[in-house]
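Now for the letters of each chain:
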Amino acid sequence: MPVNDYYHTNAQGHLTIGGVDALALTQKYQTPLVVYDVAQIRQQFQALQHAFEQQQLDYEISYASKAFASVAMYQVIKQLHGHIDVVSGGELYTALKACFPCQKISFHGNNKTKAELLLAVKNRVGVIILDNFYEIELLKQVLAETGSQVQVMLRITPGVSAHTHEYDQTGQEDSKFGFDVKSGQAEQAFLQVQTSEQMELIGLHAHIGSQILETTGFELEVEKLMRLIHEWAQKYGYQPQVLNLGGGFGIRYTAADKVLPLETYVSQIATAVRKWAKKYGLAVPAIWVEPGRSIVGAAGYSLYTVGSRKDVPGLLPYVAVDGGMGDNIRPALYQAEYEALLARDPAAKSSETVHLAGRYCESGDLLIKKLPLPVTKPGDVIAMLSTGAYGYSMASNYNRVPRPAVVFAEDGQAQEVVTRETYEDLVSHDRFYQEK
Ligand SMILES: Cc1ncc(COP(=O)(O)O)c(C=O)c1O
């Protein structure tokens, strides 16, 4: 029984996720708990696929697995016939464990190690996205040593900064990522790659930012990249097969986020690509995108149990839960905002405004400031919405708190796909210091 577009309830009035009662989930798996509505992940991915099909463009959707990576998550993307991008040997190793097809993996990162490049090359990943001159040399060494060939793209910083939170911007010139166009570094990188017979430059990549809620940035990104391709086509006869526009499609965290349908981004991108291709007499390349947040963000829920409460006369109360910055650093790191509700009665009228505090020893560990809530009592379960992207994937063991379990819920069934860490896990890498 949908109560509104953002959550569902059952006959008891409890929050449900993937058709499963959230309270039943917390009884079975305890809290804090991360739960994904898998059907919602599929819907988002398929909505993008559908949007590209409608535009009749060659395309690939490469899930940016930094948003949430696990064996089960890679299995879902594999079922959807998607690509993934990984940014570390660890993500790549996880994808290999999930038997993800290596040809559909793109390997990103601004400081890939030689060992990581070797792992990627030996497993024949589809594309290595080159980020800097050091990496070009390192990859040349790896290819020489292994006698391998690899497809590459160049990550370009086109000088576009989409309208978003400062920390999320990675497309502007003053960035640690990619080759800058203005200074000529992108062209220099292009020429260096062309000298290698073991690298095939299949296209260009850029990523202009995250949580982007309008299309202008993407249109500008397309314009700048197509201009660059035009230049290189004229000078060097270069014709890329692929234009990879990165990720960044925004989602609803709170009512303030005016979300665009995914089709709108795709149709604006398609229009821009066609316009510039026509103007410059270029073939329309395949368009790749790398959505992370828009695939898993709104599908994820964090369930917490209420514990202590601090009331200060004249100030807002602090209601503390059993998770916080260790399982979701975004509020502390980016001042990210979320909504939360009472799992046993999400539609209950709020009767007070509280600060939803985490359990970690930092004053800044506040999950939500000024949250309207019904009066809660210890043991109540609070569900934070839209925590599926960059929550669990950025989790830490700060304060030596074990990381939560992750559950996938779909069609009324739940499965634990990442188990809860134990105290034993926490000390499993510790070694006694042999004092002299
Ligand atoms: C290169 C690249 N691609 C894709 C993404 C995914 O972005 P989002 O999760 O906002 O879609 C990121 C995020 O930082 C990124 O750096």
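Small disclaimer: the values here were computed from a predicted structure and weren't measured. (Residues numbered from 1 in each chain as written. Predicted model: local features only at pLDDT ≥ 70, side-chain atom pairs only at ≥ 80, totals over all residues.)

1. Describing the overall build of the protein chain
For step 1, the next point in the chain: Looking only at helices and strands, one finds 12 helices and 21 strands in the protein chain.
For step 2, the next point in the chain: A compact globule built from 436 residues should have a C-alpha radius of gyration of about 22 Å, and the protein chain, at 23 Å, falls within 12% of that.
For step 3, the next point in the chain: With the principal axes as the frame, the protein chain shows a C-alpha extent of 70 × 65 × 40 Å.
For step 4, the next point in the chain: Looking at the 436 residues of the protein chain, the share that counts as buried comes to 48%.
For step 5, the next point in the chain: Considering only contacts in the protein chain between residues 6 or more positions apart, those separated by 24 or more positions represent 69%. (Helix = DSSP H or I, 4+ residues; strand = E, 2+ residues; numbered from the N terminus. Rg over C-alpha atoms; globule rule 2.2 N^0.38 Å. Buried ≥ 20, exposed ≤ 12 C-beta atoms within 10 Å, placed from the backbone. Contact = placed C-beta atoms within 7 Å.)

2. Overview of helix α2 (residues 38–55)
For the α-helix, the turn length of 3.6 residues means that residues three or four positions removed from each other point alike.
For step 1, the next point in the chain: With 18 residues, α2 should cover 26 Å at 1.5 Å per step; its first-to-last C-alpha distance of 26 Å lies within 8% of that length.
For step 2, the next point in the chain: Where α2 is concerned, the buried positions are Val38, Gln40, Ile41, Gln44, Phe45, Leu48, Ala51 and Phe52.
For step 3, the next point in the chain: Next to the buried residues of α2 lie β4 (33–37), β5 (59–64), α3 (71–79), α9 (262–280), α10 (293–296) and β20 (405–410).
For step 4, the next point in the chain: Downstream of α2 by one or two residues, Gln56 has phi in the positive range, about 50°. (Expected span 1.5 Å × (residues − 1).)

3. A few points about the domain arrangement of the protein chain
For step 1, the next point in the chain: Looking at the assigned domains, one finds that the protein chain contains domain 1 (8–30 + 299–427) and domain 2 (38–294).
For step 2, the next point in the chain: Placing a centre on the C-alpha atoms of domain 1 and another on those of domain 2 gives a separation of 32 Å.
For step 3, the next point in the chain: Sorting the residues of the side of domain 1 that touches domain 2 by element identifies β20 and β21 (413–418) as the ones contributing at least two each.
For step 4, the next point in the chain: Here the residues of the side of domain 1 that touches domain 2 are counted per class, giving 12 nonpolar, 4 polar and 3 charged. (Domains from an automatic or database assignment. Nonpolar A, V, L, I, M, F, W, Y, C, P; charged D, E, K, R; others polar.)

4. A word on the packing of helix α5 (residues 114–122) against helix α6 (residues 133–146)
For step 1, the next point in the chain: Running from N to C, α5 and α6 point in directions that differ by 50°, and their axes come no closer than 10 Å. With respect to α6, the axis of α5 lies oblique. Seen along the crossing, α5 lies across α6 with a hand that is right-handed. Along its contact with α5, which presents Lys114, Leu117, Leu118, Val121 and Lys122, the element α6 presents Leu138, Leu139, Val142, Leu143 and Thr146.
For step 2, the next point in the chain: When grouped by side-chain class, the residues that make up the contact of α5 with α6 number 7 nonpolar, 1 polar and 2 charged. (Axes fitted to C-alpha atoms, helices over the stretch in contact; angles between N-to-C directions. Parallel < 35°, antiparallel > 145°, perpendicular 65-115°, else oblique. Left-handed = near helix turned anticlockwise from the far one by under 90°.)

5. Considering the sheet that holds strand β2 (residues 15–17)
For step 1, the next point in the chain: Ordered by their spatial adjacency, 3 strands build an open sheet running β1-β2-β3, and the pairing between neighbours is antiparallel. Across the chains shown, the open sheet's two edge strands, defined by having one partner strand only, are β1 (8–9) and β3 (20–21).
For step 2, the next point in the chain: Strand direction decides the pairing type here: β2 and β3, joined by 2 bridges, are antiparallel. Considered in β3, the bridge of Thr16 is made with Asp21. (Pairing = 2+ DSSP bridges.)

6. Regarding the site of the ligand
For step 1, the next point in the chain: Contacts to the ligand come from 16 residues, most closely from Ala64, Ser210, Gly247, Gly292 and Arg293.
For step 2, the next point in the chain: Residue composition of the shell around the ligand, by class: 5 nonpolar, 9 polar and 2 charged. (Near = placed C-beta within 6 Å.)

7. Considering the pairing of strand β13 (residues 286–289)
For step 1, the next point in the chain: As judged from the 3 bridges shared by β5 and β13, these two strands associate in the parallel manner. Pairing of Tyr59 across the sheet is with Ile287, part of β13.
For step 2, the next point in the chain: Considered for its hand, the β-α-β crossover made up of strand β12 (residues 242–244), α9 and β13 is right-handed. (Right-handed = clockwise from strand over helix to strand, strands pointing away.)

8. Quick notes on the packing of helix α8 (residues 216–236) against α9
For step 1, the next point in the chain: Two elements in contact, α8 and α9, have axes separated by 9 Å at closest approach and are oriented at 25°. The angle between α8 and α9 falls in the class roughly parallel. When you trace α8 past α9, the crossing you get is right-handed. Contact residues: Phe218, Glu219, Val222, Glu223, Met226 and His230 in α8; Tyr265, Gln268, Ile269, Ala272, Val273, Trp276, Ala277 and Tyr280 in α9.
For step 2, the next point in the chain: When grouped by side-chain class, the residues that make up the contact of α8 with α9 number 10 nonpolar, 2 polar and 2 charged.

9. Remarks on the nonpolar core
For step 1, the next point in the chain: Within the largest apolar cluster, 128 residues are counted, with the highest numbers of intra-cluster contacts made by Leu356, Ile382 and Ala383.
For step 2, the next point in the chain: Per-element tally for this core: the top contributor is α9, with 8 residues.
For step 3, the next point in the chain: Taken together, domain 1 (8–30 + 299–427) and domain 2 (38–294) each give at least three residues to this core, which thus spans both.
For step 4, the next point in the chain: Beyond its immediate chain neighbours, meaning those up to four positions away, Ile382 contacts Tyr304, Val306, Val321, Ala340, Leu342, Ala343 and Leu356. (Core = buried A, V, L, I, M, F, W, Y, C linked by C-beta atoms within 7 Å.)

10. Re the environment of Val242
For step 1, the next point in the chain: Relative to the helices and strands, Val242 resides in strand β12.
For step 2, the next point in the chain: The spatial distance from the C-alpha of Val242 to the C-alpha of Gly203 is 4.6 Å, given a sequence separation of 39 residues.
For step 3, the next point in the chain: Non-local contacts of Val242, meaning those with residues more than four positions away in its chain, are made with Met153, Ile202, Gly203, Pro285, Ala286 and Trp288.

11. A closer look at the environment of Asn397
For step 1, the next point in the chain: Along the chain, Asn397 turns up in the loop between β19 (381–385) and β20.
For step 2, the next point in the chain: Under the C-beta neighbour-count criterion, Asn397 is labelled exposed, with 12 such atoms within 10 Å.
For step 3, the next point in the chain: It is 12 Å that separates the C-alpha atoms of Asn397 and Arg359, two residues lying 38 residues apart in sequence.
For step 4, the next point in the chain: With near-sequence residues (within four places) excluded, Asn397 lies in contact with Gly326, Arg403 and Leu426.

12. Examining unusual backbone geometry
For step 1, the next point in the chain: The amide bond that connects Thr31 to the next residue, Pro32, takes the cis arrangement and shows omega of -10°.
For step 2, the next point in the chain: Of note, Pro32 is situated in the loop between α1 (22–29) and β4.
For step 3, the next point in the chain: The residue Gln56 is not glycine, and still its phi comes out positive at about 50°.
For step 4, the next point in the chain: For Gln56, the position within the fold is in the loop between α2 and β5.
For step 5, the next point in the chain: A positive phi angle is found at Ser386, which is not glycine, with a value near 60°.

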